[in-house]
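Read off the chains here:
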Amino acid sequence: MSNLYRLLPSVDSLLGDLSDDGAYQSLPRAFIRELINDFLVLCREEIKAGVITDKGELNYSRLRTRLDAYLKTHTRPHFRRVINATGVIIHTNLGRSILNRKAAEAVWEACLHYSNLEFSLDTGKRGSRYSHVEELLCRITGAEAGLVVNNNASAVLIILDTLAKGREVIVSRGQLVEIGGSFRIPDVMTKSGAVLKEVGATNRTHVKDYEEAISSQTGALLKVHTSNYRIIGFHKEVSLKDLVKIGEGHSLPVIEDMGSGNFFDFAAHGYHFMPEPTVQQVVKDGVSVVSFSGDKLLGGPQAGIIAGKKEYIDRIKKNPMNRAVRIDKMTLAALESTLRFYLDPNVAMREIPTLRMITMKSEELGKAARKLRNRIRKNIKYEVQLSIFPAHSRVGGGSFPEQDLPTHVVGIKSSLLNSEQLRDRLLQTDPPLIGRIENDFFCLDPRTVEEGEYKILCDALNQAFEKAGN
Ligand SMILES: *Cc1c(COP(=O)(O)O)cnc(C)c1O
């Protein structure tokens, strides 16, 4: 074993070799030195643990290959692109919605150049960053006023803080949900300084439950969209319209947290998913203030959108907390650009990737699956079995929770790696490729993969099989 340690080259000799290599020229020398040192520590640990037992493994060319791979993983960006072949469209862990190219270009402009972010080109004086989207938002939703903040969680927080701090907010027990990532309605309520007043039962809440709970302490009525779960069977919820009636009777604002706010009327376009209200409908039903995410069904950037009656929105705008949750200029650029597509729903359906992927037809996906299979067959250098079978994609992001979207997936099987091994290997490829296992096949759903990505997808597969194949 001690002989093996002596075979390891010194930091300086490796550093000297790397200095001649163009690939490392742009990296700070001190940083590379540290990485080489860490790499050699790792090798010593492997010798000690009996992982490296053979002189051959320490010969220069093998060691150098390993060092190159080590440096590559430690010098590339940590936050990077992946290929989403899971078929989950609004994949919370993979960045939720992806943007239309025009929206991305708007972000590019906003970062590379100065802008009229808070400058009025009419007066030459200070302007408001909210002016860029408020009118558009009102036009699309029919609301009197609007405001955008960092995300929907902060939207809910600032609404409650403004309208109900120190007072009771009445919520149905069936709507006290946890969204994931620690967003729980009761906890948000506590943080905002509002006092939660639960009414009804988990499965049934009636108008009289709300009526009986209203007192001089009441600040607002809150309806929460139960995004990620659904009660079926014997249940009853009070409709927004009825809540608005109750609110009006007692001069109380009615707030709705819509979660995944949606502008697009799927049913009107022939997509009969489980009924989900549109923001337009909620505004029409008379909500005082509604809030929703920018990057769920809307298909834009991460943002919290607040729309509703001017008297309430004006108060929210003046809340000092607004500064703490404000939207940044890159997001604003992407959001304005995304919202513009909604001026024509057909354009929105075509241009906004999230909507396009949700509305893809099964035949189109069958065709895409065959194309993808053929591309893999042509490019893969290893022995694999490829099949196509029907499966289901999901909308994700807590939207249309139980809705299965029929699709066709390309399944890969190989004697070189089982599907779990393949899945794990693909996490380390460049770019990583994320799929899912079904019927013992590693499956790729073309719904969330663009045709332009097929080439790098094939490259990733080859990389994954590389070690297994030789
Ligand atoms: C997703 C969701 C939120 C949180 O929205 P973010 O934009 O992720 O902050 C809040 N409420 C509901 C009902 C949701 O579905």
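Residues numbered from 1 in each chain as written. Predicted model: local features only at pLDDT ≥ 70, side-chain atom pairs only at ≥ 80, totals over all residues. Heavy atoms only, no water.

Peer 1: Before we move on, can you summarise helix 3 (residues 29–48) with the specific residues and values?
Peer 2: The end-to-end C-alpha separation of helix 3 is 29 Å, in line with the 28 Å expected for 20 residues at 1.5 Å each. Regarding helix 3, the residues found buried are Ile32, Leu35, Ile36, Phe39, Leu40, Cys43, Glu46 and Ile47. For helix 3, the angular spread of the buried residues around the axis is 140°, confining them to a single face. The exposed set on the far side of helix 3, more than 90 degrees from its buried face, consists of Ala30, Glu34 and Lys48. Where helix 3 is buried, its residues contact helix 1 (2–7), helix 2 (11–19) and helix 4 (60–75). Looking at the residues trailing helix 3, positive phi occurs at glycine 50, about 80°. (Helix = DSSP H or I, 4+ residues; strand = E, 2+ residues; numbered from the N terminus. Expected span 1.5 Å × (residues − 1). Buried < 20%, exposed > 50% of the residue type's maximum accessible area, 1.4 Å probe, protein only. Arc of directions from axis to C-beta. Contact = heavy atoms within 4.5 Å.)

Peer 1: Summarise the sheet that holds strand 2 (residues 88–90); cite the residues concerned and give the values.
Peer 2: Within the open sheet, the five strands sit side by side as 2-10-11-14-13. Their pairing is mixed. Edge positions in the open sheet fall to strand 2 and strand 13 (436–438), since each of these has one partner strand only. Averaged over all pairs of adjacent strands, the angle between strand axes in this sheet comes to 45°, irrespective of strand direction. Pairing analysis gives nine bridges linking strand 10 (residues 385–396) to strand 11 (residues 405–413), with the strands arranged antiparallel. Following the sheet pairing, proline 390 is matched in strand 11 by histidine 408. Running at roughly 15° to strand 11, helix 17 (residues 362–379) makes contact with strand 10, strand 11 and strand 14 (441–444) of the sheet. (Pairing = 2+ DSSP bridges. Axes fitted to C-alpha atoms, helices over the stretch in contact; angles between N-to-C directions.)

Peer 1: Tell me what's going on with the environment of histidine 250, and back it up with residues and numbers.
Peer 2: Its place among the elements puts histidine 250 in the loop between helix 10 (240–249) and strand 7 (254–259). Counting along the chain gives 30 residues from histidine 250 to alanine 220, while the straight-line C-alpha distance between them is 9.8 Å. In contact with histidine 250, other than residues within four places in its own chain, are Glu211 and Ile214. One polar contact links the side chain of histidine 250 to the main-chain carbonyl oxygen of isoleucine 246, over a distance of 3.1 Å. (Polar contact = N/O pair within 3.5 Å; in protein donor to acceptor, adjacent residues only side chain to side chain.)

Peer 1: Could you give an account of helix 4, with specific residues and numbers?
Peer 2: One turn of an α-helix holds 3.6 residues; hence residues three or four places apart share an orientation. Taking 1.5 Å of rise per residue, the 16 residues of helix 4 would be expected to cover 22 Å, and the 22 Å separating its terminal C-alpha atoms lies within 8% of that figure. Taken together, the buried positions of helix 4 are occupied by Leu63, Arg64, Leu67, Tyr70 and Leu71. Buried residues of helix 4, viewed axially, fall in a sector of 125°; they line one side. Of the surrounding secondary structure, the elements contacted by the buried residues of helix 4 are helix 2 and helix 3.

Peer 1: Give me the lowdown on the domain arrangement of the protein, citing residues and values where you can.
Peer 2: By the assigned domains, the protein splits into domain 1 (2–75), domain 2 (83–93 + 359–469) and domain 3 (101–351). Using C-alpha coordinates to define each centre, domain 2 is positioned 35 Å away from domain 3. Contacts between the two partners involve twelve residues from domain 2 and, on the opposite side, 15 residues from domain 3. Taken together, both faces of the contact between domain 2 and domain 3 bury some 1200 Å²; the carbon and sulfur share is 70%. Contact with domain 3 buries area across many residues of domain 2, yet Thr359, Phe400 and Pro401 alone supply 47% of it, more than any other trio. For the pair domain 2 and domain 3, the interface holds zero salt bridges. Summed over the shared surface of domain 2 and domain 3, the number is two residue pairs in polar contact (both at pLDDT 80 or more). Looking at side-chain class alone, the side of domain 2 that touches domain 3 contains five nonpolar, five polar and two charged residues. (Domains from an automatic or database assignment. Buried area = accessible area lost by both parts, 1.4 Å probe. Salt bridge = Lys/Arg side-chain N within 4 Å of Asp/Glu carboxyl O. Nonpolar A, V, L, I, M, F, W, Y, C, P; charged D, E, K, R; others polar.)

Peer 1: An account of the pattern of salt bridges is needed here, citing residue identities and associated values.
Peer 2: Counted under the stated rule, the structure contains 27 salt bridges. Among the ionic pairs, lysine 165 bridges to aspartate 161, the shortest N-O distance being 2.8 Å. Taking the relative accessible area as the measure of exposure, lysine 165 reaches 51% and is therefore exposed. When the shortest N-O distance is used, the salt bridge between glutamate 198 and arginine 173 registers 2.8 Å. With glutamate 198 in strand 5 (residues 195–199) and arginine 173 in the loop between strand 4 (168–172) and helix 8 (185–192), this pair connects stretches of sequence that are 25 residues apart. Assessed through its relative accessible area of 37%, arginine 173 is described here as partly exposed.

Peer 1: Report on the sheet that holds strand 8 (residues 289–293), specifying residues and quantitative values.
Peer 2: Spatially, 3-9-8-7-6-4-5 is the arrangement adopted by the seven strands of the open sheet, whose pairing is mixed. Both edges of this open sheet fall to strand 3 (145–149) and strand 5, since each of them pairs with a single strand only. For this sheet the average axis-to-axis angle between neighbouring strands, irrespective of direction, equals 25°. When strand 4 meets strand 5, the two strands line up parallel, connected through five bridges. Its bridge partner lying in strand 5, glutamate 168 is registered against valine 195. Packing against the sheet, helix 12 (residues 310–318) makes contact with strand 3, strand 8 and strand 9 (304–308), and its axis sits at approximately 30° to strand 3.

Peer 1: An account of the packing of helix 2 against helix 3 is requested, with residue identities and associated values reported.
Peer 2: Orientation of helix 2 relative to helix 3, taken along the N-to-C sense of each, is 130°, at an axis distance of 10 Å. Classed by the angle they form, the pair helix 2 and helix 3 counts as oblique. Here helix 2 and helix 3 pass one another in a crossing that is right-handed. For the pair helix 2 and helix 3, contact is made by Val11, Asp12, Leu14, Leu15, Leu18 and Ser19 and by Arg29, Ile32, Arg33, Ile36, Asn37 and Leu40, respectively. (Parallel < 35°, antiparallel > 145°, perpendicular 65-115°, else oblique. Left-handed = near helix turned anticlockwise from the far one by under 90°.)

Peer 1: Explain the environment of valine 254 residue by residue, including any values.
Peer 2: Relative to the helices and strands, valine 254 resides in strand 7. A relative accessible area of 1% places valine 254 in the buried class. Separated by 120 residues in sequence, valine 254 and glutamate 134 have C-alpha atoms that sit 21 Å apart. Discounting chain neighbours no more than four positions away, the residues touching valine 254 are Leu221, Leu240, Leu243, Val244, Gly247, Val287, Ser288 and Val289.

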